[in-house]
Amino acid sequence: MKKSLIVILVLLAVATFSTGVMAQRYVVGTNASFPPFEYVEDGEIVGFDIDLVKEIAKLQGFEVEVRDISFDSLIPGLASGSLDMVAAGMTITADREKVIDFSDPYYSANQSVLVHEESDANLTVLFGNHDVGVQTGTTGDTWVRDNLLEDEILTGELRNYDSYVFVIRDLANGNIDAAVLDKPVAETYSQNNPVNVVAEIITGEEYGIAVGEGNEELLAEINAGLEKVKNNGTMEKLIQKYFE
Ligand code: GLN
């Protein structure tokens, strides 16, 4: 009799646990200088990716805690286990696929060239003796290195920053001649800063949510949630909220 009572209590405890009273909590890494995907507003990290990941969490029954760190620390964070996932407008690339895993794509973007609004520069600002700013570890950073620096098409400095906030500040102050970054983000910055998008670089990138290599269980949860978000109209609503 006593034994069966213990069994019942244990079963009850297990049932309570698995019905989500203590939902799994995942740490999500981002870099909140990438509006409208992630940025800080009234001291809070908000944006398209943050809403997206919270929606997926709600649908799949887990909880998330968002952490703002430098972009080039995100992949090491997944590798070390200090982060469970990354939602940072991160482009799915073959190089990154070697060390982390990506969800299905959720957004498409190209690179772009941003200059001061009083400058009459165009794409050719990337040629010759000009200083160009990028955020370290991004596809914009890699693109400038591979296509312009290596062949000495750009002979000025490539300046690396930890945050786009500082890239934009230096561009607005005239400390650099141009910045290369994802077009939707460049356009968002141009709405509130004295900077303009003057060229698009067709790179055909797609953003994915990333997890540590081999974390198939979490990846399956994310993909299942993403599918629901795409099919139930939420994705459309998020696009309207942040881009229209
Ligand atoms: N999409 C770009 C990349 O993956 C930039 C992302 C970002 O800076 N948050 O490198």
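Residues numbered from 1 in each chain as written. Predicted model: local features only at pLDDT ≥ 70, side-chain atom pairs only at ≥ 80, totals over all residues. Heavy atoms only, no water.

## What to know about the UniProt feature "domain: Solute-binding protein family 3/N-terminal" (unreviewed entry) in the protein chain
Inclusion rule: UniProt positions are given in the numbering used here, feature names are shortened, and annotations may be inferred rather than shown by experiment. Numbering of helices and strands runs from the N terminus, with a helix taken as a DSSP run of H or I at least four residues long and a strand as a DSSP run of E at least two residues long.
Within this numbering scheme, the UniProt entry marks residues 25-244 as carrying the feature "domain: Solute-binding protein family 3/N-terminal" (unreviewed entry). Here residues 25-244 is 36% helix and 30% strand, with 32 Å between the C-alpha atoms at its ends.

## Details of the sheet that holds strand β9 (residues 132-135)
Within a sheet, neighbouring strands are paired by backbone hydrogen bonds and run either parallel or antiparallel to one another. Counted only if it meets this: Here, any two strands with at least 2 DSSP bridges between them count as paired. Lines fitted to C-alpha atoms define the axes here, with helix axes fitted over just the stretch in contact, and angles between the N-to-C directions of these axes take values from 0 to 180 degrees.
Judged by pairing direction, the sheet is mixed, and its five strands sit side by side in the order β10-β9-β11-β8-β12 without closing on themselves. The outermost strands of the open sheet, each flanked by one partner alone, are β10 (158-161) and β12 (195-207). Direction aside, the axes of adjacent strands within the sheet are offset by 25° on average.

## Overview of the packing of aromatic side chains
To be explicit about the condition: Here is the rule: rings of Phe, Tyr and Trp (six-membered ring for Trp) pair when centre to centre is within 6.5 Å. Planes less than 30 degrees apart are stacked, more than 60 are edge-to-face, and the remainder are tilted. Three labels apply to residues, based on accessible area from a 1.4 Å probe with only protein chains included: buried if under 20% of the type maximum, exposed if over 50%, partly exposed otherwise in between.
Applying the stated criterion to the full structure yields 15 aromatic pairs. With a centroid separation of 6.4 Å and an interplanar angle of 15°, the aromatic rings of Phe48 and Tyr106 are classed as stacked. Linking Phe48 in helix α2 (residues 48-60) with Tyr106 in the loop between β7 (100-102) and β8 (107-116), this pair joins segments that are 58 residues apart in sequence. Look at Phe48 and you get buried, because its relative accessible area is 0%. With a relative accessible area of 7%, Tyr106 lands in the buried category. Summarising the aromatic geometry, the rings of Phe48 and Tyr107 are spaced 5.8 Å apart at their centres and angled 70° between planes, so their arrangement reads as edge-to-face. With Phe48 in helix α2 and Tyr107 in strand β8, this pair connects stretches of sequence that are 59 residues apart. For the pair Phe48 and Tyr107, a shared accessibility class is recorded, and that class is buried. Through pairs of rings, three or more aromatic residues link up here, namely Phe34, Phe37, Phe48, Tyr106, Tyr107, Tyr164, Tyr207, Tyr242 and Phe243.

## Side note on the sheet that holds strand β1 (residues 25-30)
What counts, and what does not: Any pair of residues with heavy atoms lying within 4.5 Å of one another is described as a contacting pair.
Within the open sheet, the five strands sit side by side as β5-β1-β6-β13-β7. Their pairing is mixed. Every other strand in the sheet has two partners, leaving β5 (63-68) and β7 as the edge strands with one partner each. The strands touched by α2 are β1, β5 and β6 (85-86); relative to β5, the strand with the most contacts, the crossing angle is about 160°. Helix α8 (residues 216-231) rests against β1, β6, β7 and β13 (210-212) of the sheet, and its axis sits at about 165° to β13.

## Points about the pattern of salt bridges
Cut-off, in case you're wondering: Salt bridges are defined by distance alone: a side-chain nitrogen of Lys or Arg within 4 Å of a carboxyl oxygen of Asp or Glu.
With the rule as written, the count across this model stands at 11 salt bridges. The residue Asp51 makes a salt bridge to Lys241 at a minimum N-O spacing of 2.7 Å. Taken together, the residues span a long stretch of sequence, with Asp51 in helix α2 and Lys241 in helix α9 (residues 234-243) at a distance of 190 residues. Residue Asp51 is classed as partly exposed on the basis of its relative accessible area, which comes to 22%. What makes Lys241 exposed here is its relative accessible area of 53%. The residue Glu65 makes a salt bridge to Arg67 at a minimum N-O spacing of 3.3 Å.

## Observations regarding the site of the ligand
To be explicit about the condition: Any residue with a heavy atom lying within 4 Å of a molecule or strand is counted as near it. What qualifies as a polar contact is a pair of N or O atoms within 3.5 Å, subject to a donor-acceptor requirement within protein and to the restriction that residues adjacent in sequence count only when both atoms come from side chains. Computed with the Shrake-Rupley method and a 1.4 Å probe, the accessible areas treat only the protein chains shown as cover for residues. When residues are sorted by character, Ala, Val, Leu, Ile, Met, Phe, Trp, Tyr, Cys and Pro go into the nonpolar class, Asp, Glu, Lys and Arg into the charged class, and all the rest, Gly among them, into the polar class.
Near the ligand there are 13 residues, and of these Gly89, Thr91, Arg96, Thr139 and Asp182 occur at the shortest range. Between Gly89 and the ligand, the recorded distance is 2.8 Å, taken from a backbone N or O atom to a nitrogen atom. Separating an oxygen atom of the ligand from a backbone N or O atom of Thr91 is a distance of 2.8 Å. Protein chains shield 100% of the accessible area of the ligand, which is 290 Å² for the free molecule. The residue makeup of the shell around the ligand, split by class, is six nonpolar, five polar and two charged.

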